[in-house]
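An overview of the molecular structure
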Amino acid sequence: MLEDKERAIAEIMHTYGDDVLRLVYTYVRNQAIAEDLTQEIFIKCYTNLHKYNGTSKLKTWLWRIAINQCKDYLKSWYNRKVIAVGEETLRQKEEPLGTEEKVVRGFMDVELIAAVMQLPPKYREVIYLYYYEEMTAKEIGNVTKKSENTIKTRLKRAKELLENQLGGDLYDG
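Residues numbered from 1 in each chain as written. Predicted model: local features only at pLDDT ≥ 70, side-chain atom pairs only at ≥ 80, totals over all residues. Heavy atoms only, no water.

Examining the environment of Val-28
Here is the rule we go by: A helix here means a DSSP run of H or I that spans at least four residues, while a strand means a run of E at least two residues long, and both kinds are numbered starting from the N terminus. Each residue is placed in one exposure class: buried if its accessible area under a 1.4 Å probe, protein chains only, is under 20% of its type's maximum, exposed if it is over 50%, and partly exposed if it falls in between.
With respect to the secondary-structure elements, Val-28 resides in helix α1 (residues 2-28). The exposure class assigned to Val-28 is buried, which follows from its relative accessible area of 7%. When the C-alpha positions of Val-28 and Leu-74 are compared, they lie 7.4 Å apart, and in sequence the two are 46 residues distant.

Remarks on the packing of aromatic side chains
Definition in use: Each aromatic pair joins two rings of Phe, Tyr and Trp (for Trp, the six-membered one) with centres within 6.5 Å, and gets the label stacked for planes under 30 degrees apart, edge-to-face for over 60, and tilted for any other angle. Geometrically, a lysine NZ or arginine CZ counts as sitting over a ring once it is within 6 Å of the ring centre and also within 35 degrees of the ring normal.
Under the criterion given, the structure shown has three aromatic pairs. Relative to Trp-61, the ring of Tyr-52 has its centre 5.2 Å away and its plane inclined at 50°; by these criteria the two rings are tilted. Taken together, a centroid distance of 4.8 Å and an interplanar angle of 85° make the contact between Tyr-130 and Tyr-131 edge-to-face. Relative accessible area serves as the criterion here: at 27%, Tyr-130 is assigned to the partly exposed category. Positioned over the ring face of Tyr-46 is Lys-5, at 4.5 Å from the centre of the ring.

As for the side chain of Arg-22
Selection rule: Counting of polar contacts relies on pairs of N or O atoms within 3.5 Å, with two restrictions inside protein: one atom must be capable of donating a hydrogen and the other of accepting it, and residues adjacent in sequence are counted only when both atoms are side-chain atoms.
Within the secondary structure layout, Arg-22 lies in helix α1. Among the residues examined, Arg-22 registers a relative accessible area of 14% and is labelled buried. Within polar-contact distance, the side chain of Arg-22 engages the side chain of Asp-19 at 2.3 Å.

Right, here's the structure in full:
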């Protein structure tokens, strides 16, 4: 039984590891913190694997764990009170693009990526899941535990915010 569980988590990490890391990065915008949180997410996944009942897709279940972990981190005392030195250095030196930007660059330009990363988390989340993960509004609603209409409203609002930031019309997508 333990071997099966270890084999299952190894396969889940292999299949979804990079995707989870990119998702987490969209929330925390710091590579080191994203890597730490991703490890914590897979530990939670391992310890709660027995609770996965198959009523939703494995990816949806994993995304729910990841999103909750990110939101908990963003609400944490550590995140609110401690300034990450690496993040501050990035802001001051304007280093080259981070991991998330490099990955997303294939379908979005750098200016748009920067604008997306400046959105509040609830809008960044829906933009990422909708455009990068190619989830429907209904699927995003299932993952985030929000209504489909709420997701559609957030997508619309996120697009409006991006248009204002970028000073023009975004192409429909």
